[in-house]
Amino acid sequence: MSSDAELIGRSLRGDTDAFVEVISRHETALGNYLARRVGRQAAEDVLGDVWVAAYESRAKYDRSYPEARPWLYGVALNRLRRHWRSAPAEEPAPDLSGVASDWDPWPAVDARVDTQALLGRALARLKPEEREVLGLVAWEDLTVAEAGRVLDIPAGTARRLLHQARKALREAPEVVALLQVPTT
């Protein structure tokens, strides 16, 4: 089986099917990454932009790296940033003041939703670069060195940012509260 680098090289020599093979190898992982960041609907549009940008910039790919996944995550991150800059401001929450005061639309909010909200707040407190490295390593299953390549930073810097993120999460009040076992 050919490496991604070999396929990109072949695509530069005119073999259009070679780049399609690169896309098919990484389409699911990148689609899931984008969906976690912007939702499934917007992810489909952004993913199309990712493939166009990757195809147009494939000559710049460093073929000394056999796997293109970190490079493609970098392209995806750049497209996400462009998407976020061009997105209109979110609409405010609807006015619920006219709803009866004894009506509760969510009578049984489960512990998982609470946990996600708490972890979301803890993650929001991280520096953006710490959050990016953590996400790439924890959710996208990249190595720290690959995360560094995605973010165009040295591996040592990525390692430090990951360490800082983990430390901050361990010390976050929300996480500490989640980890405390109730005494009965």
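Rules of the game
Residues numbered from 1 in each chain as written. Predicted model: local features only at pLDDT ≥ 70, side-chain atom pairs only at ≥ 80, totals over all residues. Heavy atoms only, no water. UniProt positions renumbered as here; feature names shortened; annotations may be inferred. Helix = DSSP H or I, 4+ residues; strand = E, 2+ residues; numbered from the N terminus. Buried < 20%, exposed > 50% of the residue type's maximum accessible area, 1.4 Å probe, protein only. Lys, Arg positive; Asp, Glu negative; His and termini not counted. Salt bridge = Lys/Arg side-chain N within 4 Å of Asp/Glu carboxyl O. Polar contact = N/O pair within 3.5 Å; in protein donor to acceptor, adjacent residues only side chain to side chain. Contact = heavy atoms within 4.5 Å. Axes fitted to C-alpha atoms, helices over the stretch in contact; angles between N-to-C directions. Parallel < 35°, antiparallel > 145°, perpendicular 65-115°, else oblique. Nonpolar A, V, L, I, M, F, W, Y, C, P; charged D, E, K, R; others polar. Core = buried A, V, L, I, M, F, W, Y, C linked by side-chain atoms within 4.5 Å. Domains from an automatic or database assignment.

In the annotation of an unreviewed UniProt entry, the chain is listed under the name RNA polymerase sigma-70 factor, ECF subfamily protein and assigned to Amycolatopsis mediterranei. What UniProt states about the chain under its Sequence similarities (unreviewed entry) heading is, verbatim, "Belongs to the sigma-70 factor family. ECF subfamily."

**Quick notes on the side chain of Arg58**
Assignment of secondary structure puts Arg58 in the loop between α3 (40–56) and α4 (69–86). For Arg58, which is buried and forms no salt bridge, the nearest opposite charge comes from Glu56, at a distance of 8.5 Å. Here the side chain of Arg58 touches Tyr55 through a polar contact of 2.7 Å, landing on its backbone oxygen. Sequence-distant contacts of Arg58, defined by excluding residues within four places in its chain, comprise Ile8, Ser11, Leu12, Phe19 and Trp71.

**Remarks on the packing of helix α6 (residues 128–138) against helix α8 (residues 155–171)**
At a minimum axis separation of 8 Å, α6 and α8 run at an interaxial angle of 95°. By the angle between their directions, the pair α6 and α8 is classed as roughly perpendicular. The residues of α8 that touch α6, namely those facing Glu129, Glu130, Val133, Leu134 and Val137, are Ala158, Leu161, Leu162, Gln164, Ala165 and Leu169. Grouping the constituent residues of the contact of α6 with α8 by class yields eight nonpolar, one polar and two charged.

**Description of the environment of Leu7**
Along the polypeptide, Leu7 turns up in helix α1 (residues 4–12). Taking the C-alpha atoms as reference, Leu7 lies 9.6 Å from Pro66; in sequence the two are 59 residues apart. Excluding residues that lie within four positions of it along the chain, Leu7 makes contacts with Ser2, Ala18, Glu21, Val22 and Arg25.

**Some thoughts on the nonpolar core**
By size, the foremost hydrophobic cluster in this structure holds 46 residues, and its most contacted members are Tyr33, Leu34, Trp71, Leu72 and Leu136. Among the secondary structure elements, those contributing two or more residues to this core are α1, α2 (16–38), α3, α4, α5 (111–124), α6, α7 (144–151) and α8. Mapped onto the domain boundaries, this core takes at least three residues apiece from domain 1 (2–84) and domain 2 (95–178). Those residues in contact with Trp71, other than ones at most four positions away along the chain, are Ile8, Ala54, Ser57, Arg58, Tyr61 and Arg149.

**What to know about the side chain of Arg69**
Relative to the elements of secondary structure, Arg69 occurs in helix α4. Under the relative-accessibility criterion, Arg69 is labelled buried at 16%. A polar contact is formed between the side chain of Arg69 and the side chain of Glu67, at a distance of 3.5 Å. Looking at Arg69, its side chain comes within polar contact range of the main-chain oxygen of Asp141, at 3.3 Å. Each residue touching Arg69, except ones within four places of it in the same chain, is listed here: Asp4, His26, Glu140, Asp141, Leu142 and Glu146.

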